[in-house]
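Here's the letter readout for the chains.
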Amino acid sequence: MRHRIRAARWTEREVVAAVIADAVHPSPLAAWLVPDEAQRAHVLAAVAEMWVEHAMFYGEVHLVDDLSAASVCFRRYGPLPPPTDYANRLAALAGPRADRFTALHDLLATAQPSEAHHHLACLVVRPPFQRTGRGQALMADLRNRLDHIDVPCWTATLPIGQRLLARNGYEPDQAITLADGLTLHPMRRSAHRSSSTTTAVAHASCQNPQVQRRQ
C-alpha cells in the first residue's frame, strides 16, 4: 500500500496535534511531562497545537493522507522567535507542569546545532498504525525535500526512534538526560545534494512498500 504524504492545511492544526498526542501518550517522555494520566492527553494535544501552529509559520507540517501519522519541522536558518506570548500560553495550557515543558525546550535548544539546519521536531505514527511503513514514508518524503535544498537535518528522539532515523542516514550525538533516567538521543543527517539516484530511491520507497523496512 502506498502511503500518500501531503502538507497539512492551516485548518488541520488540531488534527496534527491529536496525532502527536496519541503517538506520544504511551511514552516515558509524556509521563514525565504530564504525570497526571487523566490530564495527559489533553495537555499534550494543547501544547502540541501551539507548536504545530508555530511550525506552519516557520517550517512545514506534513500528514499521511489518512491522518495516521505526521511530521513537524522548523527551518532554523537563523534565530527563530518563540510562539506568540509563549510563556503565558504555555502556563495556561500546561498549568503546574509548564516548567517541565520549559525544561525540555531549553535542553533541546542548547543541544541544537548553531549552523543553518532543518529541525525535525517530531515524526509520529498513531499506535494502531505503527510498523506499517508510514514512518518510513514520512522520512523518505522529508529526505527527498531536504536533498533538493542541500541542508542538514537535526532531531532528538526517544530510543524507539533511533533505528528508523539511522536507516535514513542520521548519526547519533551525545545523549541528553532529562530526569529520572529519561534520555533523548540527538541525531543529525548531513546535507546531501540531490541526484537522480537519490530521488529515484526515495520515490521507489514511497511507491512500493516492499522496498521499505517497515516502521
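Residues numbered from 1 in each chain as written. Predicted model: local features only at pLDDT ≥ 70, side-chain atom pairs only at ≥ 80, totals over all residues. Heavy atoms only, no water.

Draft legend 1. Quick peek at the environment of Leu-80. Looking at where Leu-80 falls in the secondary structure, it is placed in the loop between strand 3 (69–76) and helix 4 (86–94). On the basis of relative accessible area, Leu-80 is assigned to the partly exposed category, the value being 25%. Those residues in contact with Leu-80 that lie beyond four places of it in its chain are Tyr-58, Phe-74 and Arg-75. (Helix = DSSP H or I, 4+ residues; strand = E, 2+ residues; numbered from the N terminus. Buried < 20%, exposed > 50% of the residue type's maximum accessible area, 1.4 Å probe, protein only. Contact = heavy atoms within 4.5 Å.)

Draft legend 2. Summary view of helix 4. By the burial criterion, the buried members of helix 4 are Tyr-86, Leu-90 and Ala-94. Taken end-on, helix 4 shows its buried residues confined to a sector of 35°, consistent with a single buried face. Those residues of helix 4 that are exposed and angled more than 90 degrees off the buried face are Asn-88 and Ala-92. Its buried side turned inward, helix 4 meets helix 3 (37–58) and helix 5 (98–111). (Arc of directions from axis to C-beta.)

Draft legend 3. The arrangement of the confidence of the model for the protein in detail. Summarising the model, the protein shows a mean pLDDT of 89, and 89% of its residues fall at 70 or more. This stretch, residues 195–215, has a pLDDT under 50; its non-local contacts, to residues over four places away or in other chains, come to 39 contacts. (pLDDT = per-residue confidence, 0-100.)

Draft legend 4. Expanded view of the side chain of Arg-189. Mapped onto the elements of the fold, Arg-189 is located in strand 8 (residues 183–189). Only 3.3 Å separates the side chain of Arg-189 from the backbone oxygen of Asn-168, close enough to count as a polar contact. Apart from the residues within four sequence positions on either side, Arg-189 is in contact with Arg-143, Leu-146, Asp-147, Pro-152, Cys-153, Asn-168, Gly-169 and Tyr-170. (Polar contact = N/O pair within 3.5 Å; in protein donor to acceptor, adjacent residues only side chain to side chain.)

Draft legend 5. Layout of unusual backbone geometry. Residue Leu-67 is not a glycine yet carries a positive backbone phi of 65°. Looking at where Leu-67 falls in the secondary structure, it is placed in the loop between strand 2 (59–64) and strand 3.

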